[in-house]
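# Summary of the model geometry
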Amino acid sequence: MFALLLMLLLLGAPLCQASTNLEPLNVDTSDEVVLGKHLMFLEDPQGVLLLDDILTPEYQGRFEPVFVDTPYYGRTHSTYWFRLQVAFTRAHNPRLLEIAYPHLKSITLYELRGDKLLRSLNSGYEYRDTEPYNCLRFCFLIKGEPGIQTLYFRISTDSPMFVPMVMRAPEKQLLNERISMAIVALFYGAFIVMGLFNLFVYFSTQERSYLYYVLFIAALFVWTSSHDGLLREVL
C-alpha cells in the first residue's frame with residue numbers, strides 16, 4: 001500500500017509542475033521571475049518551421065513543459081521554439097525579458113495577443129534589432145498592457161543550447177546591470193593590473209618566469225572574455 005502511494009506521488013509531481021507551464025504567468029506580482037519552469041518547448045530538428053506552422057493545432061500539441069529553471073539541451077543543430085504566456089493586470093507596467101547567455105546565434109521573438117501578431121524582434125550575436133534599452137546580454141522590452149500575451153522564441157546556435165531566461169521590472173534590470181558591470185570591471189581590472197605588474201617586474205629583473213606568467217594571464221584573459229561574450233563585442 002505504501003509503495004503504491006509513493007508511486008502515485010512520484011507520478012503526480014511532474015503533472016503538478018506541468019500545470020505551472022500551462023497557466024499564464026502574472027508578472028505584476030514580482031519584480032523578478034526566473035522563467036524556465038513557465039516555458040513550453042518544441043524541438044525543430046531541421047530548423048524549417050515558421051511561426052504559421054507553430055500556430056497550427058498539430059504543432060501546438062507538440063509543445064512540452066520545461067521542468068528546470070534554465071533549459072539546457074547540449075550542443076545541437078536543432079532549432080528550439082519556446083512558448084511563454086504572460087498576464088498583465090495593470091496598464092503601463094513594462095517588463096524586460098533577458099536571455100543571459102551570450103553565445104546564442106539567433107533569437108527571434110514573436111509577440112502575440114490572441115491570434116494577432118503585435119511585433120517580431122531579432123537578437124543573438126549574429127544580428128540584433130535596435131532596442132530602446134541597452135543590456136549587457138540579449139533582452140526584449142515587453143510592454144505591459146492589460147491582458148494575456150503569448151511570446152514565442154525561435155532560438156538556434158552553434159554553441160550549446162543554454163537558455164537562462166529572466167523577466168524583470170526595468171528598475172530591477174537597471175540595478176542588475178550596474179552590479180554586473182561593476183563585477184566585470186573589477187574582474188578584468190584585476191587581470192590587467194596583475195599582467196602589467198608582472199610585465200614591469202620582468203623588465204626590471206629579466207627573469208623569464210615573470211614573462212611566462214604574463215603570457216598565462218593574457219591567455220586566461222582572452223579565454224575568459226571569449227566565454228563571457230565580451231571578446232565578440234570588441235571584435
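Residues numbered from 1 in each chain as written. Predicted model: local features only at pLDDT ≥ 70, side-chain atom pairs only at ≥ 80, totals over all residues. Heavy atoms only, no water.

## Observations regarding the nonpolar core
To keep it simple, the criterion reads: The set of buried Ala, Val, Leu, Ile, Met, Phe, Trp, Tyr and Cys residues whose side-chain atoms join them within 4.5 Å is what this entry labels a nonpolar core. Partly exposed residues are those whose accessible area sits between 20% and 50% of the maximum for their type, while under 20% is buried and over 50% is exposed, using a 1.4 Å probe and protein chains only. Strands are runs of DSSP state E lasting at least two residues, helices are runs of H or I lasting at least four, and both sets are numbered from the N terminus onward.
If you look at the biggest cluster of nonpolar residues, it comprises 29 residues, and the most contacted ones within it are Leu97, Ile99, Phe140, Phe153 and Ile155. Put simply, the parts of the chain that give this core at least two residues each are strand E6 (79–88), strand E7 (95–99), strand E8 (106–113), strand E10 (138–142), strand E11 (147–156) and strand E13 (165–168).

## Section: the packing of helix H4 (residues 170–205) against helix H5 (residues 208–227)
For clarity, the threshold we go by: All axes here are fitted lines through C-alpha atoms, helices being fitted over the stretch that makes contact, and every angle between N-to-C directions spans 0 to 180 degrees. Should an angle fall under 35 degrees it is called roughly parallel, over 145 degrees roughly antiparallel, and 65 to 115 degrees roughly perpendicular, with every other angle called oblique. If you view the pair so one helix is near and one far, a crossing is left-handed when the near helix is turned anticlockwise from the far one by less than a right angle, and right-handed when it is turned clockwise. Contacts are assigned to residue pairs with any non-hydrogen atoms lying within 4.5 Å of each other. Classification used: nonpolar for Ala, Val, Leu, Ile, Met, Phe, Trp, Tyr, Cys and Pro, charged for Asp, Glu, Lys and Arg, polar for all others including Gly.
Close contact between H4 and H5 brings their axes to 8 Å; oriented N to C, the two are set at 160 degrees. One way to sum up the angle between H4 and H5 is to call them roughly antiparallel. In this structure, H4 crosses over H5, and the sense of that crossing is left-handed. Within the contact between the two elements, H4 uses Phe187, Tyr188, Phe191, Ile192, Met194, Gly195, Asn198, Leu199, Val201, Tyr202 and Thr205 and H5 uses Arg208, Tyr210, Leu211, Tyr213, Val214, Ile217, Leu220, Phe221, Thr224 and Ser225. Residue composition of the contact of H4 with H5, grouped by class: 15 nonpolar, 5 polar and 1 charged.

## Brief notes about the pattern of salt bridges
To keep it simple, the criterion reads: Just to be clear on terms, a salt bridge is a Lys or Arg side-chain nitrogen sitting within 4 Å of an Asp or Glu carboxyl oxygen.
Taken as a whole, this structure holds 6 salt bridges when the rule is applied. Across the salt bridge formed by Arg168 and Glu32, the nearest N and O atoms sit 3.2 Å from each other. Of this pair, Arg168 sits in strand E13 while Glu32 sits in strand E2 (residues 32–34), and the two are 136 residues apart along the sequence. Judged by relative accessible area, Arg168 falls into the buried class, the value being 6%. Given the relative accessible area of 33%, Glu32 is considered partly exposed. The partner of Glu58 in a salt bridge is Arg62, with the nearest N and O atoms 2.7 Å apart. You can call Arg62 partly exposed: its relative accessible area is 42%. Bridged by salt links that share partners, the residues Glu32, Glu98, Arg168 and Lys172 form one connected network.

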